[in-house]
Amino acid sequence: MKRILSAISSLALLVACSTSQPAGEVTDVQTLQSPDGVMEMTFQLTAEGTPQYALNYDGKKVILPSDLGFELRGVLKAQQLVYNADGTISKEDREPCNSFYDGFSVESVETATFDETWEPVWGEEARIRNNYNELLVNLIQNSTERKMAIRFRLYNDGLGFRYEFPYQKNLSYFVIKEEMTQFALAGDHTAWWVPGDYDTQEYNFTESRLSEIAGKMQQAINPNDSQTPYSVNGVQTSLQMRTDSGLYINIHEAALLDYPCMHLELDPKTFTFVSHLTPDAQGWKGRMQTPCNTPWRTVQVAPSATAQLASRLILNLNEPCALESTDWIKPVKYIGIWWEMISGKGSWSYTNDFASVQLGVTDYANATPNGTHSANNEKVRRYIDFAAEHGFDQVLVEGWNEGWEDWANCNKDYVFDFVTPYPDFDIEALNKYAHSKGVRLMMHHETSSSVRNYERHLDQALELMDKYGYNSIKSGYVGDIVTPGEHHYSQMMINHYMHVVKKAAEHEVMLNGHEMVRPTGLCRTYPNLIGAEAARGTEYQAFGGTMPHHVTILPFTRLNGGPMDYTPGIFFMDLASVTDGKNNSWVNATIANQLALYVTLYSPLQMAADLPEHYAQHMEAFQFIKDVDIDWIQSKYLLAEPGEYVVIARQGKKNGQWFCGGVTDDQKRTLDVPMNFLEPGKTYEATIYADAEDADYKENPQAYKIWKQNVTSEDILSMTMARGGGFAISFQEL
């Protein structure tokens, strides 16, 4: 799809208008209202010249007056030599850090109104309205004559604001010590959070009052291959909260580019969050060159949980599509050689002969196969046959390339070359076989967080993909960043991820990044970024299990910034029976719950993650996975409470068919599900996949029932979900 211009479009469906006003009267207080008049944002300078903002919703205080600004490093780098008493020599800054948060005056203000409707390449709906009122406040710090602007955009569903630094002689290059953005909340709200961490979001969610975060932090931190939690009061975004009066507040960021990822540090006495940026290897939090700007800081406010799920604030704050052509970007439903390694049934590695591998030196041709290597020619062909028979687009193959014998947690630079297959993986023959069946293979690039090595080989790796007809990558960043001291969420890595996205686009390749930073809506600008992990996914069901409430929270938090490659569809929950006792983990879900996730956890990249032989034993339930669409005309958020349940209906682009899914936590519950999303006056045949009466995620997870009944838009279905259960419905118009 060509980029849709906001001002004029050849499509009659799209209407956009923008009005602006020149700089108005300069005062210390400015107000901005949302287009519907329900929300009001106030900007002011304190007596000390510190910028502040506040936000109200329908007269209720959401954000109390909150400070804005920075503390900057006094110099660009340390140059002062220090001869220490112990005989060592060190360096320190010649100038101390300085304030860029006070002493400001307002130079000018500008206002604007914008209204457009744009079409995403893929998404939860075919058209999205982008309507806001804008206030731009141009500031100058009187003592230094350094300038900074703050741009506010107020939507009906929330506020976005960012700092902008114009080109100026007094501030051309600078280093950030701290961003000091505050979010002063009006009460001790209920929150759903994961620990603040510079390297991972792969945690269980904790539900608590804000005042309880510190006391629950130690219990909330579970082990991970790479983790750097930094404070008992630190949490990550997207942070979902609910007030006692029933407002839903979410703090996140949008358009994270060339800047560190933001966390939130809580003052539990005042319920004030302060931005906490991920530091680099030297501890600094952003190296900037003007003109430049920060990502958007966002505060979404909704009167109900379902209204929060319908918010498109994060996407709207990102720039329009930057790609000239997007016809090559297609949603993907796939299977893969993955779960058997995750569960412990098979292995990524080809041999057990080598404790240490040197690529190009280690002799794989004469190595002894270990007999458990999953990515072998015979098995890949079986997966291709299964995908072709059941209508899947692609087959992911992990462990196809040399180097998996010592790939993880070795701080190894030259870990993979991304082009050399194992002896039992015939890359040319397998791709030819897949294409003859109407299927593609999906490339896998595990970097082992050796970022320099991946960039060293990226062009060659993409050329290999061009040669054999691959058009999608699943990438991975397991383990600590091999550049010592850097983090998965530091500015260097943010820039690396975007470099890979752009490089992939040059080759018309779609990217699904695992262990990357959590999404901030950049899929609008670069829609080849078709998927990401950035949260605790299905793999953790094989690492001891994940509690059922997790999937009722993800739509409010992780998915707020973009789709997630959650990899649902597990049908065999007792992994001891799958792995001959090697893994005693239990998948905490019912089969009906797993089916529902294809609707409730949005992604244009959806995997049927279990083994083909497991699906063969439940083909009647597997039919829903085959039928369900993954790209949508519209989505209706019917019932929801974070941590309890989510029910969503979506209309597919493929042929206009409706699907509905619902999931619950560890409580059995019955919900009355309205069918008012269906077209009035028409009758539909509903095929319902639900938990059986005796289903239970611990005791009887494979118990389900399937039935058909006719429904209209006036009907209400009473749906009972087992503990850890759910339901899925497909509709056919009669």
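Residues numbered from 1 in each chain as written. Predicted model: local features only at pLDDT ≥ 70, side-chain atom pairs only at ≥ 80, totals over all residues. Heavy atoms only, no water.

Tell me what's going on with a nonpolar patch on the surface, and back it up with residues and numbers.
On the surface, a nonpolar cluster with roughly 360 Å² of combined accessible area is contributed by L81, Y83 and I89. Relative to the elements of secondary structure, I89 occurs in strand β8 (residues 89-92). (Patch = residues over 30% accessible without salt bridge, like charges linked within 9 Å, V, L, I, M, F, W, Y side chains within 5 Å. Areas by Shrake-Rupley, 256 points an atom, 1.4 Å probe, with all protein chains shown as cover. Salt bridge = Lys/Arg side-chain N within 4 Å of Asp/Glu carboxyl O. Helix = DSSP H or I, 4+ residues; strand = E, 2+ residues; numbered from the N terminus.)

Pulling in residues and values, what's your account of the pattern of salt bridges?
Summed over the entire model, instances satisfying the criterion amount to 35 salt bridges. Residues K379 and E340 are paired through a salt bridge, measuring 2.9 Å at the closest nitrogen-oxygen approach. Remark: E340 occurs in helix α4 (residues 339-343) and K379 occurs in helix α5 (residues 377-390); sequence separation between them is 39 residues. Across the pair, exposure class does not vary: K379 and E340 are buried alike. Among the ionic pairs, E733 bridges to K682, the shortest N-O distance being 3.3 Å. With E733 in strand β40 (residues 726-733) and K682 in the loop between β36 (669-674) and β37 (684-691), the pair connects residues that are 51 residues apart, well separated along the chain. By relative accessible area, E733 is classed as partly exposed at 45%. Look at the salt bridges and you will find they share partners, linking E134, R151, R153, R162 and E164 into a network. (Buried < 20%, exposed > 50% of the residue type's maximum accessible area, 1.4 Å probe, protein only.)

Explain the packing of helix α11 (residues 591-600) against helix α13 (residues 619-627) to me, using residue names and the numbers behind them.
At their nearest, the axes of α11 and α13 sit 9 Å apart, and the two run at 10° to each other. On the basis of their axis angle, the class for α11 and α13 is roughly parallel. Only A621, F624 and I625 of α13 make contact with α11, whose side of the interface consists of I591, L595, Y598 and V599. The residue makeup of the contact of α11 with α13, split by class, is seven nonpolar, no polar and no charged. (Axes fitted to C-alpha atoms, helices over the stretch in contact; angles between N-to-C directions. Parallel < 35°, antiparallel > 145°, perpendicular 65-115°, else oblique. Contact = heavy atoms within 4.5 Å. Nonpolar A, V, L, I, M, F, W, Y, C, P; charged D, E, K, R; others polar.)

For the sheet that holds strand β33 (residues 632-641), give the residues involved together with the corresponding values.
Note: strands within a sheet are paired through backbone hydrogen bonds, in either parallel or antiparallel orientation. Judged by pairing direction, the sheet is antiparallel, and its six strands sit side by side in the order β33-β34-β35-β40-β37-β38 without closing on themselves. Looking at which strands have only one partner, the edges of the open sheet turn out to be β33 and β38 (704-711). Within the sheet, the average angular offset between the axes of one strand and its neighbour, ignoring direction, is 15°. In the sheet, β37 pairs with β40 via seven bridges, with the strands oriented antiparallel. The residue bridging Y684 from the neighbouring strand is E733, located in β40. The strands touched by α11 are β33, β34 (645-652), β35 (658-664), β37, β38 and β40; relative to β35, the strand with the most contacts, the crossing angle is about 125°. Along the sheet, α13 contacts β35, β37, β38 and β40; its crossing angle with β37, the most-contacted strand, is approximately 120°. (Pairing = 2+ DSSP bridges.)

Before we move on, could you go through the packing of aromatic side chains and cite the residues and values that matter?
In this structure the tally under the stated criterion is 36 aromatic pairs. Relative to F152, the ring of F43 has its centre 5.9 Å away and its plane inclined at 55°; by these criteria the two rings are tilted. Of this pair, F43 sits in strand β3 (residues 39-45) while F152 is found in strand β12 (residues 146-155), placing the two residues 109 residues apart along the sequence. You can call F43 buried: its relative accessible area is 0%. The exposure class assigned to F152 is buried, which follows from its relative accessible area of 0%. Taken together, the ring pairs in this structure connect F70, F100, F104, Y163, F165 and F174 into an aromatic cluster. It is R381 that lies over the ring of Y433; its NZ or CZ is 5.6 Å from the centre. Positioned over the ring face of W118 is R524, at 3.9 Å from the centre of the ring. (Phe/Tyr/Trp six-rings, centres within 6.5 Å; stacked < 30°, edge-to-face > 60°. Lys NZ or Arg CZ within 6 Å of the ring centre and 35° of its normal.)

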